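Summary of the model geometry
The residues making up each chain are set out below.
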Amino acid sequence: MHSNSKYLVCWLLVIIAFPLIDCSITTAQQCELAGGRKAAKALSFSFNGLNINEFYGGVGGKYWISNKTALFGSFDFGARYDQDDPGQTYAGDSESRHNDMNLTIGMEKHFYPCRKVSPYWGFYGRIGYSYTKTTEEPASEYDLKGEKEESSLDFSTGLMLGVEYWIVKDISLAAQYMCGASYYLEKTVLRQGEEEIKDTAAGFDLGLGAASLILSVYF
């Protein structure tokens, strides 16, 4: 989905080997005697990719309803800009601007919530909207400038795997991978000169998912 996702997935696979290390914020016994993480709250910041012409991240929160179960929600947004010849315009060149936003809610089930490294699984539901506008310069003096607009609304659900690592007592960093199925509604508009063509589509899609890093601050 995003250019940095493959690196994030590799990072997730590397750290997922650490849950067998018996370490904790103080000790697992002290954490459990104190009631574990039940009722803990966090403000979270997600990060999926950052390049010169691309950004994708978000903000959300987490609430532990029991020592091993946490509810979460997030609002994610992204922007990407592509141009054939940055800073210059030639015949036939194209440029595109893409924006998307997603609202996600879900549940995490942790295996070792009192340890410093806690692997988890969970499920989620998401509503997303995206918009892309592409402009193409005339290839010659006889051609017309072309424009294409694409918008999409999708509803998705699926499973996720992750590992949460407590850097200090109230700050954690998690690596997470989501994959699932979605139903989408798409609209496309093509313009060239005074001519305009509209098209719509709908369908189901099985995605390979996306990876992200999540920084949580507990309070």
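First things first, this report covers the structure right here in the doc. Think of each chain on its own: its residues are numbered from 1, step by step along the sequence as written. In keeping with the model being predicted, local features are shown solely for residues with a pLDDT of at least 70 and side-chain atom pairs are shown and tallied solely at 80 or more, while totals for entire chains, interfaces and linings include all residues. Side-chain figures throughout are based on the complete set of non-hydrogen atoms in the structure, without hydrogens or water.

**Quick notes on the overall build of the chain**
Numbering of helices and strands runs from the N terminus; a helix is a DSSP stretch of H or I covering at least four residues, while a strand is a stretch of E covering at least two. Within the chain one finds two helices and eight strands. The classification of residues rests on relative accessible area computed with a 1.4 Å probe and restricted to protein chains. Under 20% of the type maximum is buried, over 50% is exposed, and intermediate values are partly exposed. Counting only residues that meet the buried cut, the chain has 36% of its 219 residues in that class. Within the chain, contacts between residues separated by at least 24 positions form 64% of all contacts whose residues are at least 6 apart in sequence. Surface exposure of the chain reaches about 12900 Å², of which carbon and sulfur atoms provide 62%. Any two residues having at least one pair of non-hydrogen atoms within 4.5 Å are treated as being in contact. Computed with a 1.4 Å probe, the accessible areas rest on the Shrake-Rupley method; for each residue, only the protein chains presented here act as cover.

**Some thoughts on the environment of Tyr218**
Position of Tyr218 among the secondary structure elements: in strand β8 (residues 195-218). Taking C-alpha positions, Tyr218 is 8.6 Å from Ser44, a pair spaced 174 residues apart along the chain. Each residue touching Tyr218, except ones within four places of it in the same chain, is listed here: Ala40, Lys41, Ala42, Lys62, Trp64, Glu164, Trp166, Asp170 and Ser172. Here the side chain of Tyr218 touches Glu164 through a polar contact of 2.9 Å, side chain to side chain. Pairs of N or O atoms within 3.5 Å make up the polar contacts considered here, provided that, within protein, one atom can donate a hydrogen while the other can accept it, and that residues adjacent in sequence are counted only when both atoms are side-chain atoms.

**So, the nonpolar core**
Definition of nonpolar core: a set of buried residues of the types Ala, Val, Leu, Ile, Met, Phe, Trp, Tyr and Cys, connected through side-chain atoms within 4.5 Å. Within the largest apolar cluster, seven residues are counted, these being Phe72, Tyr120, Tyr124, Met160, Ala174, Met178 and Ile214. Looking at this core, the elements with two or more residues in it are β5 (117-136) and β7 (171-192). For Phe72, the contacting residues outside a window of four places in its chain are Gly61, Lys62, Thr104, Ile105, Gly106, Met107, Glu108, Phe123, Tyr124, Met160 and Met178. One finds Ala40, Trp64, Ala70 and Tyr218 within the second-largest nonpolar core, a separate group that totals six residues.

**Some details on the pattern of salt bridges**
Just to be clear on terms, a salt bridge is a Lys or Arg side-chain nitrogen sitting within 4 Å of an Asp or Glu carboxyl oxygen. Applying the stated rule across the entire model yields nine salt bridges. Across the salt bridge formed by Glu147 and Arg191, the nearest N and O atoms sit 3.1 Å from each other. Here Glu147 is found in strand β6 (residues 146-168), whereas its partner Arg191 is found in strand β7, with 44 residues between them in sequence. Of the residues examined, Glu147 reaches a relative accessible area of 25% and is grouped as partly exposed. Judged by relative accessible area, which is 27%, Arg191 ranks as partly exposed. Across the salt bridge formed by Arg191 and Glu149, the nearest N and O atoms sit 3.2 Å from each other.

**Section: the packing of aromatic side chains**
To pair, rings of Phe, Tyr and Trp, with the six-membered ring standing in for Trp, must have centres within 6.5 Å; the planes then decide the type, stacked if under 30 degrees apart, edge-to-face if over 60, and tilted in the middle. Scanning the entire structure with this criterion turns up three aromatic pairs. Aromatic side chains Tyr183 and Phe204 sit 5.0 Å apart centroid to centroid with 55° between the ring planes, which places their arrangement in the tilted category. Within this pair, whereas Tyr183 is found in strand β7, its partner Phe204 is found in strand β8, the two being separated by 21 residues in sequence. Tyr183 gets classed as partly exposed once you look at its relative accessible area, which sits at 31%. You can call Phe204 exposed: its relative accessible area is 70%.

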